[in-house]
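The lines below spell out each chain.
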Amino acid sequence: MAVAAPISPEHIAIVKATAPVLKEHGVEITTLFYKNMIAAHPELKNIFSMSNQVSGAQPRALAAAVFAYATYVDDLGKLKAAVERIAHKHESLKVQPEQYPIVGKHLLEAVATVLGDGCTPEIGEAWTAAYAALADIFINREQQLCAAHKYWPGWRRFKIQRKLPESSEITSFYLVPEDGKPLPSFLPGQYISLHVYVPQMGHMQPRQYSLSEAPRSDYYRISVKKEKDKQIGVPGLISNLLHDNYKEGDVLELTAPAGEFFVDPKDGQDKPIALVSAGVGLTPMISILNSAVNSGSRRRISWIHGVHNSEVRAFSDHIRETCAKDVNNNISVTFFVTSPQQHDVQGVDYHFAGRMDLSKVDQKFGLFLDDARAEYFICGPCAFMKDMKKYLVNAGVGAERIHLEVFGTGDE
């Protein structure tokens, strides 16, 4: 973690003392903050997800982050994972250093408004210093991430070369750079940000999508689920625009790959990995699997995936073919299907009926619970990820070996 500007012991004590108050009034403060800041700086609508504003997810997420910072302001190492996740997202969205004072001004004003007389000059001074220190951490880390891809500093134009349905819900978009220059590599599991103009809103909106293919120099691939509800303010708005409004030959703007959820193909070839996913959460897992196969890795990989039915499961044939080519028997796949269809054959189309239950998976060969080196990568709905992590922790897996891909705000 980048080193922050020092905060005085007196300021630290005041910030920690305000933690209970921030926990009680946090959402009220952050809701007011976003309302006032976006009203004063409407250009920020191009950065923030308006769906998360409408749902209240973004204010809740920020309130939780502010409370965590107040709690651990004297031990920031405990926030390292959260800081890294947020910094990657900020860099992917091209948040600029000059925007941090804007955030600080409106956040501190919201604190003062909500707390009223309870926000003494001493509290205001302490939180001003604390915010400045936190902003320095993010700015420094985001500049490091930006420097890693200095030849791709902003939004880059890509053409949709191919649009390929993968299931009844998921379609892949093959994206090639309009400038024709080779694409930088990325770590399997990472994502890109793209932004599109939303006519109903009158401005751009960004979203993150996992890259669903091993690194290549000629194209990137994302695989996007179409949601049933297309109203503004609900999940799926941008995904549905991609499905319905964008065709082969159209142009999208992307930023360079980012994200702290990844498997480094060069790291720990002797460490087994278990990939646990549900629904469209399989997209980063495809990238991880393909990268391992392409590199000739002998790493043991167990992929456990759950879907509602086989019609909505993407990449089924590809997954079977990949396993069939694995002459060393290093790759295993376990499919859960909530509602098997009449033509589905157990042992071929799925292994277990019903929602995912890790207790049904071979604990040694499917979950590697006897190997203290094993790493676990989980992607899917928040409630699903919580349940899977809880099972693994209860089974004796250290939390530091469990990695979650948290899209959206992570407020759940």
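Calculation rules
- Residues numbered from 1 in each chain as written.
- Predicted model: local features only at pLDDT ≥ 70, side-chain atom pairs only at ≥ 80, totals over all residues.
- Heavy atoms only, no water.
- Helix = DSSP H or I, 4+ residues; strand = E, 2+ residues; numbered from the N terminus.
- Rg over C-alpha atoms; globule rule 2.2 N^0.38 Å.
- Buried < 20%, exposed > 50% of the residue type's maximum accessible area, 1.4 Å probe, protein only.
- Contact = heavy atoms within 4.5 Å.
- Areas by Shrake-Rupley, 256 points an atom, 1.4 Å probe, with all protein chains shown as cover.
- Lys, Arg positive; Asp, Glu negative; His and termini not counted.
- Charge placed at Lys NZ, Arg CZ, Asp CG, Glu CD.
- Polar contact = N/O pair within 3.5 Å; in protein donor to acceptor, adjacent residues only side chain to side chain.
- Pairing = 2+ DSSP bridges.
- Axes fitted to C-alpha atoms, helices over the stretch in contact; angles between N-to-C directions.
- Phe/Tyr/Trp six-rings, centres within 6.5 Å; stacked < 30°, edge-to-face > 60°.
- Lys NZ or Arg CZ within 6 Å of the ring centre and 35° of its normal.
- Parallel < 35°, antiparallel > 145°, perpendicular 65-115°, else oblique.
- Nonpolar A, V, L, I, M, F, W, Y, C, P; charged D, E, K, R; others polar.

## Section: the overall build of the protein chain
No. 1: Scanning the protein chain from terminus to terminus reveals eleven helices and twelve strands.
No. 2: The C-alpha radius of gyration of the protein chain comes to 22 Å, within 12% of the 22 Å expected for a compact globule of 412 residues.
No. 3: Evaluated residue by residue, the protein chain yields a buried proportion of 50% over its 412 residues.
No. 4: For the protein chain, contacts bridging at least 24 residues in sequence account for 75% of all contacts bridging at least 6.
No. 5: Total accessible area computed for the protein chain in this model is approximately 19,200 Å², and 54% of it derives from carbon and sulfur atoms.
No. 6: Within the protein chain, one finds 43 positive and 47 negative side-chain charges whose respective centroids are separated by 4 Å.

## Here we look at the side chain of Asp-349
No. 1: With respect to the helices and strands, Asp-349 occurs in the loop between strand S9 (331–337) and strand S10 (352–353).
No. 2: Given the relative accessible area of 16%, Asp-349 is considered buried.
No. 3: A polar atom in the side chain of Asp-349 sits 2.7 Å from the backbone nitrogen of Val-345.
No. 4: In this view, Asp-349 contacts Arg-313, Arg-320, Phe-335, Val-337, His-343 and Asp-344; residues no more than four positions away in its chain are not counted.

## Focus: the sheet that holds strand S12 (residues 402–404)
No. 1: Pairing is parallel in the open sheet, where six strands are placed in the order S10-S9-S8-S7-S11-S12. With partners counted over all chains shown, the strands left at the sheet margins are S10 and S12, one partner each.
No. 2: As defined by bridge partners, strand S11 (residues 375–379) adjoins S12 across three bridges and the pair is classed as parallel. Each bridged residue has a counterpart across the sheet, and for Phe-377 the counterpart in S12 is His-403.
No. 3: Relative to strand S7 (residues 273–278), helix H9 (residues 283–294) is tilted by about 150°, and along the sheet it contacts S7, strand S8 (301–307), S9 and S11.
No. 4: Most of the contacts of helix H11 (residues 382–394) go to S11, to which it runs at about 160°, and overall it touches S7, S11 and S12.

## Overview of unusual backbone geometry
No. 1: For Lys-94, which is not glycine, the phi dihedral falls at a positive 60°.
No. 2: When you line up the elements, Lys-94 lands in the loop between helix H5 (80–92) and helix H6 (100–115).

## Section: the environment of Glu-24
No. 1: Its location among the elements puts Glu-24 in helix H2 (residues 19–40).
No. 2: Separated by 43 residues in sequence, Glu-24 and Phe-67 have C-alpha atoms that sit 9.5 Å apart.

## Brief notes about helix H8 (residues 237–245)
No. 1: Among the nine residues that make up H8, seven are buried, leaving the element largely enclosed by the rest of the structure.
No. 2: Among all positions of H8, only Leu-237, Ile-238, Ser-239, Asn-240, Leu-241, Leu-242 and His-243 are buried.

## Concerning the packing of aromatic side chains
No. 1: Under the counting rule described, the total for this entry stands at ten aromatic pairs.
No. 2: Geometrically, the ring pair formed by Phe-261 and Phe-377 is edge-to-face, given 5.6 Å between the ring centres and 85° between the ring planes. Taken together, the residues span a long stretch of sequence, with Phe-261 in the loop between strand S6 (251–254) and S7 and Phe-377 in strand S11 at a distance of 116 residues. A single burial state applies to Phe-261 and to Phe-377, both of which are buried.
No. 3: A network of ring pairs unites the aromatic residues Trp-152, Phe-158, Phe-186 and Tyr-220 as a single cluster.
No. 4: A cation over a ring is seen here: Arg-156 above Trp-152, with NZ or CZ 4.9 Å from the ring centre.

## Here's the deal with the packing of helix H1 (residues 9–17) against helix H7 (residues 121–147)
No. 1: Contact geometry of H1 with H7 gives a least axis separation of 9 Å together with a crossing angle of 105°. Taken together, the axes of H1 and H7 are roughly perpendicular relative to one another. Taking contact as the criterion, the partners of His-11, Ile-14 and Val-15 in H1 are, on H7, Glu-122, Ile-123, Glu-125, Ala-126, Trp-127, Ala-129 and Ala-130.
No. 2: The residue inventory of the contact of H1 with H7, partitioned by class, reads seven nonpolar, one polar and two charged.

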